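# Survey of secondary and tertiary structure
Chain by chain, the residues run as shown.
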Amino acid sequence: MTTQIEAHSSYKLKSETNRLGLWLFIISDAFVFAGLLVSRFFLFYGERPELNQLLGFAVTLVLLTSSFFMYRADTDIKHGNVKGFTRNILVTIVLGILFLVGVVGLEWPTAPFSVGENAMSSVFFTMTGMHALHVLTGVIFLFIVYRNGKKGLYSQERHFPVEGAAIYWHFVDVVWVFFYPALYLMGNAV
Amino acid sequence: MAENITQAEQNESGYKEDRNIGFAVFILLIALTIGEFFIGYIAIDWNWPLWGIAIFKAVLIIYYFMHVTKLFGSSEEEIHDDTN
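Quick caveat: nothing in here was measured; it's all calculated off a predicted structure.

## Thoughts on helix H4 (residues 119-150) of chain A
Residue and element names in this part refer to chain A. With 32 residues, H4 extends 46 Å from end C-alpha to end C-alpha; this agrees with the ideal 46 Å at 1.5 Å per step. Taking the backbone nitrogen of Met120 as reference, a side-chain oxygen 3.2 Å away marks Asn118 as the first, capping residue of H4. Phi for Gly152, located one or two positions after H4, is positive at around 85°.

In structure tokens:
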């Protein structure tokens, strides 16, 4: 019993340290995105690229929905519902892929400029590309967590990787919360 | 035994509460995004409300979905400290 208590508190302590490290990474990564956001307003303050508004709106809803399912997966494992966790994380992965298809597969080919054509196109492709890369990384990370979950590696007591994946995924969502209005809604379309 | 049942019930109600909070936040996020879309559509130079909405949405996600308060040890502790 004592060994069990010791193992549990040791895991909790490790999780706390890991959580702190993850947040440190998230904050430093946020500065990269903040820099991109500043360059967008510095280079073309009152203007925005003429993009497909409905597509931008749709991919935003897809990403928000994926965040909701990630939250559910995180909540499920916290309460010992492993089946619900694997189901919800799978939905999150599918929605993440759908977002990537929307941005990279549909928005990029129909954008009114090509890569490096002007400052606006450079900023647009850098912002969406950098974000898409993070989404892709998140999808890969979620897939690893999904597979480990299927193998039974996580339980109600031990599930920090799920929490870590969830924090990372929500961070990617927070970034898009700022990128969406900055790219699609603010300024005159040119 | 009775104590165990109470703990299980507490766990179950906590689970439901967590799920309800998540759903409420999600609905709010969707509503704000729809509002954002229409503001952007109607008013071209109306940037400040869009910033306000974006910040509010970010705060909701960071607080409710990312559980930022866990960093300070003040949030809900793991609900199942049953090893003690």
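Text resumes after the structure shown.
## Some remarks on the packing of helix H2 (residues 53-78) of chain A against helix H2 (residues 47-65) of chain B
Two elements in contact, H2 of chain A and H2 of chain B, have axes separated by 11 Å at closest approach and are oriented at 15°. If you check the angle between H2 of chain A and H2 of chain B, you find them roughly parallel. Crossing angle aside, the handedness with which H2 of chain A passes H2 of chain B is left-handed. Each of Leu64, Ser67, Phe68 and Tyr71 of chain A in H2 of chain A lies in contact with H2 of chain B, whose residues at this interface are Lys57, Ile61, Tyr64 and Phe65 of chain B. Counted by class, the contact of H2 of chain A with H2 of chain B contains six nonpolar, one polar and one charged residues.

## A closer look at the packing of helix H3 (residues 82-110) of chain A against H4 of chain A
All names here are of chain A. Orientation of H3 relative to H4, taken along the N-to-C sense of each, is 155°, at an axis distance of 9 Å. The angle between H3 and H4 places the two elements in the roughly antiparallel class. For the crossing formed where H3 meets H4, the hand is left-handed. Along the lines of polarity and charge, the residues of the contact of H3 with H4 split into 21 nonpolar, seven polar and two charged.

## Remarks on the interface of chain B and chain A
Many descriptions give the size of an interface as the accessible area lost when the pieces come together. In this assembly, 41 residues from chain B lie in contact with 45 residues from chain A. Surface buried jointly by chain B and chain A totals about 4,200 Å² across both partners, of which 67% is contributed by carbon and sulfur atoms. Summed over the shared surface of chain B and chain A, the number is two salt bridges. Here Glu163 of chain A ties to Lys70 of chain B by a salt bridge, and the two come within 3.6 Å at their closest N and O atoms. For the interface between chain B and chain A, the tally reads six residue pairs in polar contact (both at pLDDT 80 or more).

## As for the side chain of Asp173 of chain A
Tracing the sequence through the fold places Asp173 of chain A in helix H5 (residues 160-185). Of the buried charged residues, Asp173 of chain A lacks a salt bridge, with Lys57 of chain B as the closest side chain of opposite charge at 7.4 Å.

## Describing the pattern of salt bridges
Enumeration according to the criterion identifies five salt bridges over all chains in this entry. When the shortest N-O distance is used, the salt bridge between Arg19 of chain B and Asp76 of chain A registers 3.0 Å. Here Arg19 of chain B, found in helix H1 (residues 2-42), pairs with Asp76 of chain A, found in helix H2, and the two come from separate chains. A residue is classified by how much of its surface remains accessible, and Arg19 of chain B, at 25% relative accessible area, is partly exposed. For Asp76 of chain A, a relative accessible area of 0% puts it in the buried group.

## Things to note about the nonpolar core
Membership of the largest hydrophobic core comes to 77 residues, with the highest contact counts inside it found for Phe85, Ile89, Phe99, Trp176 and Phe179 of chain A together with Ile61 of chain B. In terms of residue count, H5 of chain A provides more of this core than any other element does, 18 residues in total. Once residues lying within four places of it in the same chain are set aside, the contact partners of Trp176 of chain A are Val59, Thr60, Leu63, Phe99, Val103, Thr128, His131, Pro181 and Tyr184 of chain A.

## Topic: the confidence of the model for chain B
Scored by pLDDT, chain B comes out at a mean of 82, with 81% of its residues at no less than 70. Scoring of the predicted complex yields 0.89 for pTM and 0.91 for ipTM.

About the cut-offs
- Residues numbered from 1 in each chain as written.
- Chains lettered and ligands numbered in written order.
- Predicted model: local features only at pLDDT ≥ 70, side-chain atom pairs only at ≥ 80, totals over all residues.
- Heavy atoms only, no water.
- Helix = DSSP H or I, 4+ residues; strand = E, 2+ residues; numbered from the N terminus.
- Expected span 1.5 Å × (residues − 1).
- Polar contact = N/O pair within 3.5 Å; in protein donor to acceptor, adjacent residues only side chain to side chain.
- Axes fitted to C-alpha atoms, helices over the stretch in contact; angles between N-to-C directions.
- Parallel < 35°, antiparallel > 145°, perpendicular 65-115°, else oblique.
- Left-handed = near helix turned anticlockwise from the far one by under 90°.
- Contact = heavy atoms within 4.5 Å.
- Nonpolar A, V, L, I, M, F, W, Y, C, P; charged D, E, K, R; others polar.
- Buried area = accessible area lost by both parts, 1.4 Å probe.
- Salt bridge = Lys/Arg side-chain N within 4 Å of Asp/Glu carboxyl O.
- Buried < 20%, exposed > 50% of the residue type's maximum accessible area, 1.4 Å probe, protein only.
- Lys, Arg positive; Asp, Glu negative; His and termini not counted.
- Core = buried A, V, L, I, M, F, W, Y, C linked by side-chain atoms within 4.5 Å.
- pLDDT = per-residue confidence, 0-100.

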